[in-house]
Protein chains: 2
Amino acid sequence: MFQISVPVFDRRLKAHAAIMDKAAAHAEARKIEPQAFMMDRLYPDMFPYWLQVQSACDHAKNSVARLTGQQLPIFEETDKTFAGLKTRIDRTLGFVNSTAAEAFAGADERTIVFTQNGRERQTTGMDYFQNSALPNFYFHLTTAYGILRHNGVEIGKRDFIG
Amino acid sequence: MFQISVPVFDRRLKAHAAIMDKAAAHAEARKIEPQAFMMDRLYPDMFPYWLQVQSACDHAKNSVARLTGQQLPIFEETDKTFAGLKTRIDRTLGFVNSTAAEAFAGADERTIVFTQNGRERQTTGMDYFQNSALPNFYFHLTTAYGILRHNGVEIGKRDFIG
């Protein structure tokens, strides 16, 4: 469970931090207000960019905490800016990477209680990870990428993979 | 390796087949030409919807084949329609689900040779799966979802998860 979570979160989130550097440089070069990216959505009732990134971070930190029986870390609000979101990624990875591989022993069979779509669910660590944490992580990270791409930021899939 | 691949591909692709039913019904109810969804992209140099779905299918079937030392299955072209793409998903899952869990023994350390960004790469099964196959699968499936959502199809994240 360690191998399929921590290194994946680390590499993809660092990749997204590098994508944000490209987006910020793109905005500056073209005199685009960075908030135009930050607040954009693919559809009015979807999350804006900043919340897609924050959600990806939350699924990473919360799943590592739940799988290893730690308290869910609470981070103070960060600015809705590229710099603020990079801080969010740093804090997330600080927690994720400080969790030892040994702490994941038995995590696949650990009982996980979490809230999904407003109702409490209980399942195994493996089911929770494969059918909630990881698809949610990739969902929000890909959608964040898609918002930047839709707005003309020059990035490609290899930037996404890292 | 079986547990983190086959059941995930099965559940997410079946979920996307159900999403296509909703998209087709949405198109019919509003007298929208389904090709308007099929050919849309989030940006001109990104894949259109149909190719996002086909790419997700390809990463699923190719990774299962590579991890278990099978020939990569070649499927004949399917129509660029919701029905055609559902057939593609059926064929993909037919192959994926016919691969026994036992065939994945040692897959994490198996040497995988594949082409990425036009150049040949060689790595372990685990690295290939975590840093190519699975992120690509989720990337294309989420982008397909994002294209439909961006066009007003009434679906939500729970449709994506399945």
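Now for a quick tour of the structure. (Residues numbered from 1 in each chain as written. Chains lettered and ligands numbered in written order. Predicted model: local features only at pLDDT ≥ 70, side-chain atom pairs only at ≥ 80, totals over all residues. Heavy atoms only, no water.)

### With respect to the relation of the copies chain A and chain B
And then number 1: With an RMSD of 0.0 Å, the operation that places chain A on chain B is a rotation of 180° combined with a shift of 0.0 Å along the axis. Expressed as a symmetry operation, the mapping of one chain copy onto the other fits a two-fold axis.
And then number 2: The overlap is high: 100% of the interface residues of chain A also sit at the interface in chain B, so the same surface is used on both sides. (Least-squares fit on C-alpha atoms with pLDDT ≥ 70 in both. Contact = heavy atoms within 4.5 Å.)

### Some points on the environment of Ala83 of chain A
Residue and element names in this part refer to chain A.
And then number 1: For Ala83, the location among the structural elements is in helix 4 (residues 82-97).
And then number 2: Residue class for Ala83 comes out exposed when judged on its relative accessible area of 55%.
And then number 3: Taking C-alpha positions, Ala83 is 9.0 Å from Asp21, a pair spaced 62 residues apart along the chain. (Helix = DSSP H or I, 4+ residues; strand = E, 2+ residues; numbered from the N terminus. Buried < 20%, exposed > 50% of the residue type's maximum accessible area, 1.4 Å probe, protein only.)

### Some details on the pattern of salt bridges
Residues and elements named next belong to chain B.
And then number 1: The full count for this structure, using the stated rule, is 14 salt bridges over all chains.
And then number 2: Between Asp10 and Lys14 there is a salt bridge, with its nearest N and O atoms 3.0 Å apart. You can see Asp10 and its partner Lys14 sitting in helix 1 (residues 6-29), 4 residues apart, about one turn around the helix.
And then number 3: On the basis of relative accessibility, which here comes to 48%, the residue Lys14 falls in the partly exposed class.
And then number 4: The residue Asp127 makes a salt bridge to Arg121 at a minimum N-O spacing of 3.5 Å. (Salt bridge = Lys/Arg side-chain N within 4 Å of Asp/Glu carboxyl O.)

### Details of the interface of chain A and chain B
And then number 1: Taken residue by residue, the interface counts 32 residues in chain A and 32 residues in chain B.
And then number 2: Summed over both sides, the interface of chain A with chain B buries roughly 3,100 Å², with 59% coming from carbon and sulfur.
And then number 3: Looking only at chain A, the three residues that lose the most surface to chain B are Phe139, Arg149 and Lys157 of chain A, adding up to 18% of its buried area.
And then number 4: Connecting chain A to chain B are 2 salt bridges.
And then number 5: Across the pair Asp45 of chain A and Arg149 of chain B runs a salt bridge, and its minimum N-O distance is 2.8 Å.
And then number 6: Scanning the region where chain A abuts chain B turns up 14 residue pairs in polar contact (both at pLDDT 80 or more).
And then number 7: Examining the composition of the side of chain A that touches chain B, we find that 16 residues originate from one element, helix 5 (residues 125-150) of chain A, more than from any other.
And then number 8: Split into classes, the residues belonging to the side of chain A that touches chain B amount to 13 nonpolar, 12 polar and 7 charged. (Buried area = accessible area lost by both parts, 1.4 Å probe. Polar contact = N/O pair within 3.5 Å; in protein donor to acceptor, adjacent residues only side chain to side chain. Nonpolar A, V, L, I, M, F, W, Y, C, P; charged D, E, K, R; others polar.)

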